[in-house]
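# Secondary and tertiary structure notes
Spelled out from the first residue to the last, the chains are:
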Amino acid sequence: QVRLEESGGGLVQTAGSLRLSCAASGDLFSLKAMGWYRQPPGKLRDLVAAITTEGNTNYGDSVKGRFTISRDNAKNTVYLQMNNLRPEDTAIYYCFARLATVIGDFWGQGTPVTVSS
């Protein structure tokens, strides 16, 4: 199976920064994309950012200009640099991985990010 190991979440003050990491392991010969969704309390899960193995990126509107996703293909790891954090960024952040040969994504357990004011 595919396993996703997330790290870097925690508590940060408004306007602070955090860097999330997600390392994928397992059967990854057809890895196509990785990234994060997030789910704020009481709300639906929304796209944060995604990146393909070629380096193409996609961001949710609310994080454009503040968050940057990057990857290290050799490590099958993606990073999310989160700057200028706001209380509304508070959510559980879920890493996902998408394979070209599998229908449906693989998901991590989620890591909480709390932005205090």
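Throughout what follows, the structure given in this document is the object of discussion. (Residues numbered from 1 in each chain as written. Predicted model: local features only at pLDDT ≥ 70, side-chain atom pairs only at ≥ 80, totals over all residues. Heavy atoms only, no water.)

### Things to note about the sheet that holds strand 3 (residues 18-26)
Let me state the cut-off plainly: Two strands pair if DSSP finds at least two bridges between them. Only DSSP runs of H or I reaching four residues or more are called helices, and only runs of E reaching two or more are called strands; each is numbered from the N terminus. Only C-alpha atoms enter the line fits that serve as axes; for helices the fit covers just the stretch in contact. Angles between N-to-C directions range over 0 to 180 degrees.
Pairing is antiparallel across the open sheet formed by 4 strands, whose spatial order is 1-3-8-7. On the outer flanks of this sheet lie strand 1 (2-7) and strand 7 (67-72), each paired with one strand and no other. Ignoring strand direction, the axes of neighbouring strands in this sheet form an average angle of 15 degrees. In this sheet, strand 8 (residues 77-82) lies alongside strand 3 in antiparallel orientation, the contact comprising 6 bridges. Of the residues in strand 8, the one forming a bridge with Leu 18 is Met 82.

### Overview of the pairing of strand 3
Regular strands place their side chains on alternate faces of the sheet. As defined by bridge partners, strand 1 adjoins strand 3 across 6 bridges and the pair is classed as antiparallel. The residue bridging Arg 3 from the neighbouring strand is Ser 25, located in strand 3.

### Structural notes on the packing of aromatic side chains
Heads up, the condition is: Two rings from Phe, Tyr or Trp (for Trp, the six-membered ring) form a pair when their centres are within 6.5 Å of each other. A pair whose planes differ by under 30 degrees is stacked, one over 60 is edge-to-face, and the rest are tilted. Only protein chains enter the accessibility calculation, which uses a 1.4 Å probe; a residue whose area is less than 20% of its type maximum is buried, one above 50% is exposed, and one in between is partly exposed. Working rule: Lys NZ or Arg CZ, within 6 Å of ring centre, within 35 degrees of ring normal, means a charge sits over the ring.
Applying the stated criterion across every chain, the model contains 3 aromatic pairs. Pairing Tyr 37 with Trp 107 gives two aromatic rings, centres 5.6 Å apart and planes at 65 degrees, and the pair type is edge-to-face. Taken together, the positions of Tyr 37 in strand 4 (residues 31-39) and Trp 107 in strand 10 (residues 106-107) put the pair 70 residues apart, joining distant regions of the chain. Under the relative-accessibility criterion, Tyr 37 is labelled partly exposed at 23%. Seen in terms of ring centroids, Phe 96 and Trp 107 are 5.8 Å apart; in terms of plane orientation they differ by 45 degrees. Their pairing is tilted. You can see Phe 96 sitting in strand 9 (residues 91-99) and its partner Trp 107 sitting in strand 10, a full 11 residues away along the chain. Note on Phe 96: relative accessible area 2%, which makes it buried. Joined through ring pairs, the aromatic side chains of Tyr 37, Phe 96 and Trp 107 make up one cluster. Geometry around Tyr 79 places Arg 19 over its ring, the cationic atom sitting 4.2 Å from the centre.

### Remarks on the state of the cysteines
Let me state the cut-off plainly: When two cysteine sulfur atoms lie within 2.5 Å, the pair is treated as a disulfide.
Under the definition given, this model contains 1 disulfide. Paired through a disulfide, Cys 22 and Cys 95 show a sulfur-sulfur distance of 1.9 Å. Every disulfide takes its handedness from the sign of the S-S torsion; for Cys 22 and Cys 95 that torsion is -90 degrees, giving left-handed. Placement of the pair is Cys 22 in strand 3 and Cys 95 in strand 9, with a sequence separation of 73 residues. In this structure Cys 22 comes out as buried when scored by relative accessible area, which is 0%.

Any functional reading would require information that these geometric values do not contain.
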